[in-house]
Amino acid sequence: MSVIADLRIPSSQFALGRILSMRSETSIELETLVPIGEKAVPFFWVYDADKDRFLDSVRSHDAVESITEVDEHEGKILFGLDWHSADDVVFRSIHENAGHILEATGTTDTWEFECRFEKYEDLNDFKQSCRDARIDVDVHRIYNPTKPDAGPWYGLTIRQRETLFLAVEEGYYDIPRRITTVELADRLGVSDQAVTERLRRAIVTLVTNALLEVESK
């Protein structure tokens, strides 16, 4: 029975977190991991970054083969990173223990991962691998997506559901609005841009999997 875990790991304690070090105002959100041969190339959005300084910093790491700018839109830039992920204990341990990264967001201090493991024992083995490497993993929450009382998720990730629910509950969609994305970000402990992107993805996913699915039948 699979489990989904909400993990928090200090940025300084794993390779990718150190490679993608940034100013305190900058945040990073994983877009996807694309398998290429035996590697998985991460594509990620970087918000409010000094692009030249960021690229120089990333390229200075020995584990990085290349970083490519893919797209730029409204203050955020999409990059693809070719790096030696086998040297990263966190990524290697997730892979070795049948885990999959569903979502990841990073700041200068902390990265938050939402990961799915095939069974609870795989999650425990992952945590043990990190402990052996002196990496502090905070398991913030654990979910079981196959429990009968879990309800329909329509493809929404845990963070998307949490953000969308809070936005509705606190009046973000009311007229007039009773809360801003900045205030939602403060409540969730993430950046304003991360909240905006989560809401965008959540609505697209919800419409695609709920409304479009109904109309296609």
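Here, every reference points to the structure presented above.
Just so we're clear, the structure is a prediction, and the values are computed from it rather than from any experiment.

Engineer: Account for the overall build of the protein chain, naming residues and giving values.
Structural biologist: Along the backbone of the protein chain there are seven helices and eight strands. In the protein chain, which comprises 217 residues, the share counted as buried stands at 44%. Nonlocal contacts in the protein chain, meaning residues at least 24 apart in sequence, comprise 61% of its contacts between residues at least 6 apart.

Engineer: I'd like a rundown of the pattern of salt bridges, residues and numbers included.
Structural biologist: In this structure the tally under the stated criterion is 15 salt bridges. Arg159 is the partner of Asp6 in a salt bridge, and the nearest nitrogen-oxygen pair spans 2.9 Å. With Asp6 in strand β1 (residues 3-10) and Arg159 in helix α5 (residues 158-169), the pair connects residues that are 153 residues apart, well separated along the chain. For the pair shown, Asp6 and Arg159 are each scored as buried.

Engineer: Help me get a handle on helix α3 (residues 89-96), residues and values and all.
Structural biologist: Listing the buried residues of α3 in full gives Val90, Phe91, Ser93 and Ile94. Here the buried residues of α3 occupy an arc of 165° about the axis, which is enough to place them on one side. Facing away from the buried surface of α3 by more than 90 degrees, the exposed residues are His95 and Glu96. Measuring from the side-chain oxygen of the N-cap residue of α3 to the backbone nitrogen of Val90 gives 3.0 Å; that N-cap residue is Asp88. Count one or two residues on from α3 and you reach Ala98, which has phi positive near 60°.

So, how was this worked out
- Residues numbered from 1 in each chain as written.
- Predicted model: local features only at pLDDT ≥ 70, side-chain atom pairs only at ≥ 80, totals over all residues.
- Heavy atoms only, no water.
- Helix = DSSP H or I, 4+ residues; strand = E, 2+ residues; numbered from the N terminus.
- Buried < 20%, exposed > 50% of the residue type's maximum accessible area, 1.4 Å probe, protein only.
- Contact = heavy atoms within 4.5 Å.
- Salt bridge = Lys/Arg side-chain N within 4 Å of Asp/Glu carboxyl O.
- Arc of directions from axis to C-beta.
- Polar contact = N/O pair within 3.5 Å; in protein donor to acceptor, adjacent residues only side chain to side chain.

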